[in-house]
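# Understanding the architecture of this molecule
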Amino acid sequence: MSETLLTRADIPADQALPSGPLAWQRTATIGTELVFPHAGERPGAHGTAVVTGVSPHAIDWQAEIAPDAAVRDLTVICSGADWSRTARLRHSGDGWECEAPGGPATIDPDAVVRLADSPIFVTWALRRLGLTVKTGPVRAPSVRILTPSLTVVPGTATYHLVSPHRLRITGDGPAVTYELDHAGLVVYQPGNLRLAR
């Protein structure tokens, strides 16, 4: 396996993300997420998640990414039985514009964007930062969008590709470890989710 995971253009064809739909099963609560990657003039993806538990809800999101896998535009709608809320982050070139419950947040212009419990955003972060096993831990400004509240949480996270198939993220929330496939796609997060093949 090549250790470099940069942009789609830099990754050999056998390490590119699938062009078809991806599905993850949640294991901590009953739920699934279905993601549809898309290319073209505005590469990115859109996804839908359904989550049960204490606060059953559905999440619909649409993301656009830059050639370096940086999220540049993200809209998330979260809804339950009698409520709905929306968050939107857009990178204007100079910085982030943020519309979210609780008001706008101050976000570092270079922040890595992650939608909580949505594993495709982890893969984009991995590629955006150009992580390899040899780079060791990389500290980067980050912003997480929590669900179902859609609270926008800026911070700093450390991303560490511990091995070609294991990524650990610490610093901007609870420490999390992900198991990856050869293309850097999340296949398993212990106690939380797994890729449905």
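What comes next is a walk through the structure. What you see is a predicted model, and the numbers here were worked out from it, not measured in a lab.

## So, unusual backbone geometry
A cis amide bond links threonine 147 to the next residue, proline 148, at an omega of 5°. Within the fold, proline 148 resides in the loop between β9 (138–145) and β10 (152–163). In this structure, aspartate 117 is a non-glycine residue whose phi angle is positive, near 65°. Along the chain, aspartate 117 turns up in the loop between β8 (112–115) and α1 (119–128). The class for aspartate 117 is partly exposed, based on a relative accessible area of 33%. Within the chain, leucine 150 stands out as a residue other than glycine whose phi angle is a positive 60°. Along the polypeptide, leucine 150 turns up in the loop between β9 and β10.

## With respect to the environment of threonine 132
Residue position: threonine 132 is located in the loop between α1 and β9. Between the C-alpha atom of threonine 132 and that of leucine 22, which follows or precedes it by 110 residues, the distance is 24 Å. Polar contacts involving the side chain of threonine 132 include one to the main-chain amide nitrogen of lysine 134, which spans 3.2 Å.

## Some details on the pairing of strand β3 (residues 44–51)
Note: strand β2 (residues 31–38) against β3, eight bridges, orientation antiparallel. Residue pairing for β3: glycine 31 is matched across the bridge by valine 51. Note that β3 and strand β4 (residues 57–65) share eight bridges and pair antiparallel. Bridging across to β4, valine 51 finds its partner in histidine 57. Counting the residues in the hairpin turn of β3 and β4 gives five residues, including glycine 53, whose phi is positive at 105°.

## Here we look at the side chain of serine 142
Relative to the assigned elements, serine 142 resides in strand β9. Among the polar contacts listed, one links the side chain of serine 142 to the backbone oxygen of alanine 140, at a separation of 3.3 Å. Among the polar contacts made by the side chain of serine 142, one reaches the side chain of tyrosine 159 at a distance of 2.8 Å. Among residues more than four places away in sequence, those in contact with serine 142 are Ala111, Val112, Arg114, Val153, Pro154, Gly155, Thr156, Ala157, Tyr159 and Asp172.

## Remarks on the packing of aromatic side chains
For the structure on display, the rule yields three aromatic pairs. Taking 5.0 Å as the distance between ring centres and 65° as the angle between the ring planes, the aromatic pair formed by tryptophan 61 and phenylalanine 121 counts as edge-to-face. Of this pair, tryptophan 61 sits in strand β4 while phenylalanine 121 is found in helix α1, placing the two residues 60 residues apart along the sequence. Pair check on accessibility: tryptophan 61 and phenylalanine 121 agree, each one buried. Both rings, one in tryptophan 61 and one in tryptophan 124, keep their centres 6.3 Å apart while their planes meet at 90°; by these two values the pair is edge-to-face. Taken as a pair, tryptophan 61 in strand β4 and tryptophan 124 in helix α1 lie far apart in primary sequence, 63 residues in all. Using a relative accessible area of 5% as the deciding quantity, one classes tryptophan 124 as buried. Members of the aromatic cluster, joined through ring pairs, are Trp61, Phe121 and Trp124.

What counts as what
- Residues numbered from 1 in each chain as written.
- Predicted model: local features only at pLDDT ≥ 70, side-chain atom pairs only at ≥ 80, totals over all residues.
- Heavy atoms only, no water.
- Helix = DSSP H or I, 4+ residues; strand = E, 2+ residues; numbered from the N terminus.
- Buried < 20%, exposed > 50% of the residue type's maximum accessible area, 1.4 Å probe, protein only.
- Polar contact = N/O pair within 3.5 Å; in protein donor to acceptor, adjacent residues only side chain to side chain.
- Pairing = 2+ DSSP bridges.
- Contact = heavy atoms within 4.5 Å.
- Phe/Tyr/Trp six-rings, centres within 6.5 Å; stacked < 30°, edge-to-face > 60°.

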